[in-house]
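Structure at a glance
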Amino acid sequence: MDYATLDDLIERAGQDEILMVADRDGDGVADPDVVAKAIADAASAIDGYLAVRYRLPLAIVPSQVNGWAVSIARYHLHRDGAPDHVVRDWKAANADLEKVSSGRIRLPLPGGDDPSSSKSGDVGITGPEPAFSKDRLGGWL
């Protein structure tokens, strides 16, 4: 699931910056595949953190997740080194995502999207029957 769009990137960074880093063929338009790759890379990184605490895909995309996606995608678009403010945003997004992963930040999602809020507390184990079970050995064990 993508958490940001080209419009989100333009809103944060401005048209000029996005063209500078995403118009690789020089036609005056951000290259869709370049933008899509940066957005997908950001989503993959975010999912790695969120999967520890939340069922994916998210039912809704909170604004924090969108902001983190924009920061991470924007960082990835800068191939030759991002400016300091872009690096700071990227580092802050990753720090926040680490806090989400550890449970110190909780996303405002509708009930049921946080596996840690399960009320049953039941644990189940599935798998093949053991090779040396009592039933398989006819009571010899």
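Above: the structure in question.
Since the structure is predicted, the reported quantities are computational estimates derived from the model, not experimental observations. Counting starts from 1 at the beginning of each chain's written sequence and moves along it residue by residue. Totals for whole chains, interfaces and linings use all residues, but because this is a predicted model, local features are given only for residues with pLDDT of at least 70 and pairs of side-chain atoms are given and counted only at 80 or more. Neither water nor hydrogens contribute to the side-chain values; these are computed over all heavy atoms in the structure.

1. Remarks on the pattern of salt bridges
Whenever a carboxyl oxygen of Asp or Glu lies within 4 Å of a side-chain nitrogen of Lys or Arg, that contact is scored as a salt bridge. As enumerated under the stated definition, the model contains four salt bridges in all. Of the charged contacts in the structure, one is a salt bridge between Arg74 and Glu17, with a shortest N-O distance of 2.7 Å. Note that Arg74 is positioned in helix α4 (residues 63–77) and Glu17 in helix α2 (residues 15–22), a separation of 57 residues in sequence. Here Arg74 matches Glu17 in class, with each residue buried. Sharing partners across several salt bridges, the network here consists of Arg12, Glu17, Arg74 and Asp89. Only DSSP runs of H or I reaching four residues or more are called helices, and only runs of E reaching two or more are called strands; each is numbered from the N terminus. For every residue, the accessible area (1.4 Å probe, protein chains only) is compared with the maximum for its type, and the residue is labelled buried under 20%, exposed over 50%, or partly exposed between those bounds.

2. Quick look at helix α5 (residues 84–102)
A rise of 1.5 Å per residue sets the reference length of α5, with its 19 residues, at 27 Å; its end C-alpha atoms lie 27 Å apart and thus fit the reference within 8%. For α5, the full list of buried residues reads Val86, Ala93, Asn94, Leu97, Val100 and Ser101. Each buried residue of α5 sits inside an arc of 115° when the element is viewed along its axis, so together they form one side. Counted as exposed and oriented over 90 degrees from the buried face of α5: Asp84, Arg88 and Lys91. The secondary structure elements touched by the buried residues of α5 are α2, α3 (32–50) and α4. At the exit of α5 stands Gly103, carrying a positive phi of roughly 90°. Any helix carries an expected span of 1.5 Å times its number of residues minus one. Here, the arc refers to the directions that run from the helix axis to the C-beta atoms. By definition in these notes, contact holds between two residues if any of their heavy atoms fall within 4.5 Å.

3. Considerations on the nonpolar core
In summary, soluble globular proteins display a tendency toward joint burial of nonpolar side chains. Of all hydrophobic cores here, the largest spans 30 residues; its most connected members are Tyr3, Leu9, Ile46, Leu50, Trp68, Leu77 and Leu107. When contributions to this core are tallied by element, the ones reaching two or more residues are α1 (6–13), α2, α3, α4 and α5. For this core, the element with the highest residue contribution is α3, accounting for eight residues. Beyond its immediate chain neighbours, meaning those up to four positions away, Tyr3 contacts Asp8, Ala43, Ile46, Asp47, Leu50, Leu56, Leu58, Val61, Val65, Asn66 and Ala69. Nonpolar core, defined: a set of buried Ala, Val, Leu, Ile, Met, Phe, Trp, Tyr and Cys residues in which side-chain atoms within 4.5 Å join the residues together.

4. Some details on α2
Burial in α2 covers these residues: Glu17, Ile18, Val21 and Ala22. Within α2, the buried residues cover an arc of 105° as seen down the axis, which keeps them to one side. Set apart from the buried face of α2 by more than 90 degrees, the exposed residues are Asp16 and Met20. Summarising the contacts, the buried residues of α2 are in contact with α1, α3, α4 and α5.

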